[in-house]
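# Survey of secondary and tertiary structure
This is what each chain is made of:
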Amino acid sequence: MAIRRILKYGQDDILHKKSKPVEKINKRILDLLDDMAETMRSADGVGLAAPQVGVLRRVVVIDLGDGLLELINPEILETSGQQQGPEGCLSIPGAAGEVIRPERVKVKALNRNGEIIEIEGTDLLARALCHEIDHLDGILFIEKVIPDTLEGKDA
Ligand code: CO
């Protein structure tokens, strides 16, 4: 495992690009998952998407403190409700602001064994799933932030 460099907003176009689906779960992807988990933890984050480490593949890791979630090719199947809450991003250090997200989301993905998994998240997990899946489409939270609530970023 290795800690990878996290790309920062304003320094890299990769963060704004759309990631491609993973076609084959090979050693490269398994190493990516391992490295992403290590990188996220070393940066004290709760989620990380592959483009944040410069890889335009649809891979996400999330850990809200109750176990690591590894998602390959995640897709949102259903959403319901609405919540507003604070977000930050390892690619935009120091910035935070409120974003409106669904209260509940259902996501389909592959795990590292290539098995289809379904995850239902509410509250913080719903927020994390939406935030990380947005990264795979090149969308950063500051593009959705409620402007008055944004702190720590002049942009
Ligand atoms: Co982020």
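Look up a bit, the structure's there.
Thresholds, definitions, all that
Residues numbered from 1 in each chain as written. Predicted model: local features only at pLDDT ≥ 70, side-chain atom pairs only at ≥ 80, totals over all residues. Heavy atoms only, no water. Core = buried A, V, L, I, M, F, W, Y, C linked by side-chain atoms within 4.5 Å. Buried < 20%, exposed > 50% of the residue type's maximum accessible area, 1.4 Å probe, protein only. Helix = DSSP H or I, 4+ residues; strand = E, 2+ residues; numbered from the N terminus. Contact = heavy atoms within 4.5 Å. Pairing = 2+ DSSP bridges. 1 Å grid on protein atoms, 1.4 Å probe; cavity = no way out; pocket = protein on both sides within 12 Å on 5 of 7 lines; lining within 4 Å. Points joined across faces, edges and corners; volume = space filled by probe spheres on them. Nonpolar A, V, L, I, M, F, W, Y, C, P; charged D, E, K, R; others polar. Salt bridge = Lys/Arg side-chain N within 4 Å of Asp/Glu carboxyl O. Donors = N, O, S within 2.8 Å, 3.2 Å for Na, K, Ca; no water.

### Topic: the nonpolar core
Ranked by size, the top nonpolar core spans 15 residues in total, and within it Val60, Ile62, Leu71, Val105 and Leu129 carry the most contacts. Elements with a contribution of two residues or more to this core: strand S2 (59–63), strand S6 (104–110) and helix H2 (123–136). Tallying contributions element by element places H2 first for this core, with seven residues. Excluding residues within four positions of it along the chain, Leu71 makes contact with Arg58, Val59, Val60, Ala109, Leu110, Ile117, Ile119 and Leu129.

### Things to note about the pairing of strand S5 (residues 97–101)
The alternating pattern of S5 places Gly97, Val99 and Arg101 on a buried face and Glu98 and Ile100 on a face that is not buried. Here strand S4 (residues 83–87) runs beside S5; their pairing, made up of five bridges, is antiparallel. Paired with Glu87 across the strands is Gly97, a residue of S5.

### Digging into the layout of surface pockets
Reported here for the largest pocket is a volume of approximately 300 Å³. No other element matches the six residues that H2 contributes to the lining of the largest pocket. A per-class count over the lining of the largest pocket returns eight nonpolar, six polar and four charged. The space that makes up the second largest pocket amounts to roughly 210 Å³. Arg4, Val22, Glu23, Lys24, Asn26, Arg28, Ile29, Leu32, Val55 and Arg57 are the residues that line the second largest pocket. Here the lining of the second largest pocket is built from residues that sort into four nonpolar, one polar and five charged.

### Observations regarding the pattern of salt bridges
The final tally for this structure, using the stated rule, is 15 salt bridges. Here Arg104 makes a salt bridge to Glu120, at a shortest N to O gap of 2.9 Å. Here the residue Arg104 occupies a position in strand S6, and Glu120 occupies one in strand S7 (residues 116–122), the gap between them amounting to 16 residues.

### As for the coordination of the cobalt ion
Angles between donor atoms at a metal ideally measure 109.5 degrees for a four-coordinate tetrahedral arrangement and either 90 or 180 degrees for a six-coordinate octahedral one. Summarising the metal site, the cobalt ion is bound by the protein donors Cys89 (SG), His131 (NE2) and His135 (NE2), whose distances to it range over 2.1 to 2.3 Å. Between consecutive donors of the cobalt ion, the numbers of intervening residues give the motif C-x41-H-x3-H. Here His135 and His131 lie together in helix H2, a separation of four residues that amounts to about one turn. Exposure remark for His135: the relative accessible area of 1% places this residue in the buried category.

### Focus on the side chain of Arg101
In this structure, Arg101 sits in strand S5. For Arg101, a relative accessible area of 4% gives the class buried. In this structure, Arg101 is in contact with Gly81, Gln82, Gln83, Glu87, Arg127, Cys130, His131, Asp134, Phe141 and Lys144, ignoring residues within four places of it in sequence.

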